[in-house]
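Structural description and commentary
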Amino acid sequence: MARNKHPEETVNLILDVAFRLFMEKGYEHTSIQDIIDQLGGLSKGAIYHHFKSKEDILVAVTDRMTEESNKMLADIRDRTDLTGKEKLKTLFKESVLRPVQDEIFTVAPDLGNSPRLLLSIFRETAKEVAPNYILPIIKQGISDGSIQTDYPAELAELVILVANIWMNPMIFDDSLEESYRKFMVFRQMMQGFGMDIVDDELLARLQELTSIYRKNK
């Protein structure tokens, strides 16, 4: 049945099934065979025609989530009713408060054991998110006086790399206490740049996501 579909539909079917199983069983406990068993007759050969490994499937699932995230970032970046500083605060809050983050932290593997996915996240953060979404907001903040820096490009990279990489428990396997201490350093760092954008609600949500990840390891 699935083999007769267009390739794009077959890929989407595989990703839909894989995501659901990753949610139910966790990435580490889901096998390729588990995915095949839920595909209504699609063969293992057909899956390997599109994906070389389970990690390839996870990367594709993550890429699909990233597309949705980037649309949200673009919407905030392009708003005309907020200062640069207000946009940064809105961006961070909406990013972590989205319900899909619960799903991401539930299915996430130990990224220390997934070098390809880790590299994908690093490249997306440094080469896409920083220059295309964070930098324009910081430049606006400089223009409207809400952000002060002589190095907007470097600050954009620093802010998003700290948020997406250094504070990510999926990469460093941080405990709740270790994560909290990193969050507090991030808060102080933002305040040092005149950007008081990390409030108690955001800190509590970051702790909640860390708990979700650790519970489902």
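Preceding this paragraph is the structure being described.
Below, the structure is looked at part by part. It should be emphasised that the depicted structure is a prediction, and the values quoted were computed from it without experimental measurement. (Residues numbered from 1 in each chain as written. Predicted model: local features only at pLDDT ≥ 70, side-chain atom pairs only at ≥ 80, totals over all residues. Heavy atoms only, no water.)

Close contact between helix H5 (residues 84-97) and helix H7 (residues 115-144) brings their axes to 7 Å; oriented N to C, the two are set at 145 degrees. Of H7, the residues touching H5 (which contributes Gly-84, Lys-87, Leu-88 and Leu-91) are Ile-134, Ile-137, Ile-138, Gln-140, Gly-141 and Asp-144. Each residue belonging to the contact of H5 with H7 can be placed in one class, and the counts come to five nonpolar, three polar and two charged. (Axes fitted to C-alpha atoms, helices over the stretch in contact; angles between N-to-C directions. Helix = DSSP H or I, 4+ residues; strand = E, 2+ residues; numbered from the N terminus. Contact = heavy atoms within 4.5 Å. Nonpolar A, V, L, I, M, F, W, Y, C, P; charged D, E, K, R; others polar.)

Take helix H6 (residues 100-107) next. With six of eight residues buried, H6 is to be regarded as a mostly interior element. Within H6, burial applies to Val-100, Gln-101, Ile-104, Phe-105, Thr-106 and Val-107. For H6, the secondary structure elements touched by its buried residues are helix H1 (7-25), helix H4 (54-77), H5, helix H9 (169-172) and helix H11 (200-215). (Buried < 20%, exposed > 50% of the residue type's maximum accessible area, 1.4 Å probe, protein only.)

Inspection of the secondary structure puts Asn-70 in helix H4. On the basis of relative accessible area, Asn-70 is assigned to the buried category, the value being 15%. The residues touching Asn-70, leaving out its near neighbours within four places in the chain, are Glu-124, Val-129 and Tyr-133.

Before going further, it helps to spend a moment on the environment of Phe-105. The topology assignment puts Phe-105 in helix H6. Taking the relative accessible area as the measure of exposure, Phe-105 reaches 11% and is therefore buried. Distance from Phe-105 to Thr-210, taken between C-alpha atoms, is 7.6 Å for residues 105 residues apart in sequence. Those residues within four positions of Phe-105 in sequence are excluded, and the remaining contacts are Pro-169, Met-170, Leu-209, Ile-212 and Tyr-213.

Turning our attention to the packing of aromatic side chains. Taken as a whole and judged by the stated rule, the model has one aromatic pair. Of note, Lys-182 hangs over the ring of Phe-172, and the distance from its end group to the ring centre comes to 4.1 Å. (Phe/Tyr/Trp six-rings, centres within 6.5 Å; stacked < 30°, edge-to-face > 60°. Lys NZ or Arg CZ within 6 Å of the ring centre and 35° of its normal.)

The next subject is the pattern of salt bridges. Applying the stated criterion across every chain, the model contains 12 salt bridges. Arg-64 is paired through a salt bridge with Asp-16; the nearest N and O atoms lie 2.9 Å apart. Here Arg-64, found in helix H4, pairs with Asp-16, found in helix H1; they are 48 residues apart in sequence, far enough to count as distant. Exposure remark for Arg-64: the relative accessible area of 26% places this residue in the partly exposed category. Overall, the relative accessible area of 41% leaves Asp-16 in the partly exposed class. (Salt bridge = Lys/Arg side-chain N within 4 Å of Asp/Glu carboxyl O.)

This brings us to the environment of Ala-74. Here Ala-74 is to be found in helix H4. Each C-alpha atom of the pair Ala-74 and Ile-134 lies 9.7 Å from the other, and the pair is 60 residues apart in sequence.

Here we take up a nonpolar patch on the surface. Among the surface-exposed residues, Trp-166, Phe-172 and Val-185 lie close enough to one another that they form a single nonpolar patch of about 270 Å² accessible area. When its relative accessible area of 32% is taken as the criterion, Trp-166 is described as partly exposed. (Patch = residues over 30% accessible without salt bridge, like charges linked within 9 Å, V, L, I, M, F, W, Y side chains within 5 Å. Areas by Shrake-Rupley, 256 points an atom, 1.4 Å probe, with all protein chains shown as cover.)

Tracing the chain through its elements places Lys-54 in helix H4. What makes Lys-54 buried here is its relative accessible area of 18%. Along the primary structure Lys-54 and Glu-28 are separated by 26 residues, whereas in three dimensions their C-alpha atoms are 9.8 Å apart. One polar contact links the side chain of Lys-54 to the main-chain carbonyl oxygen of Thr-30, over a distance of 2.7 Å. (Polar contact = N/O pair within 3.5 Å; in protein donor to acceptor, adjacent residues only side chain to side chain.)

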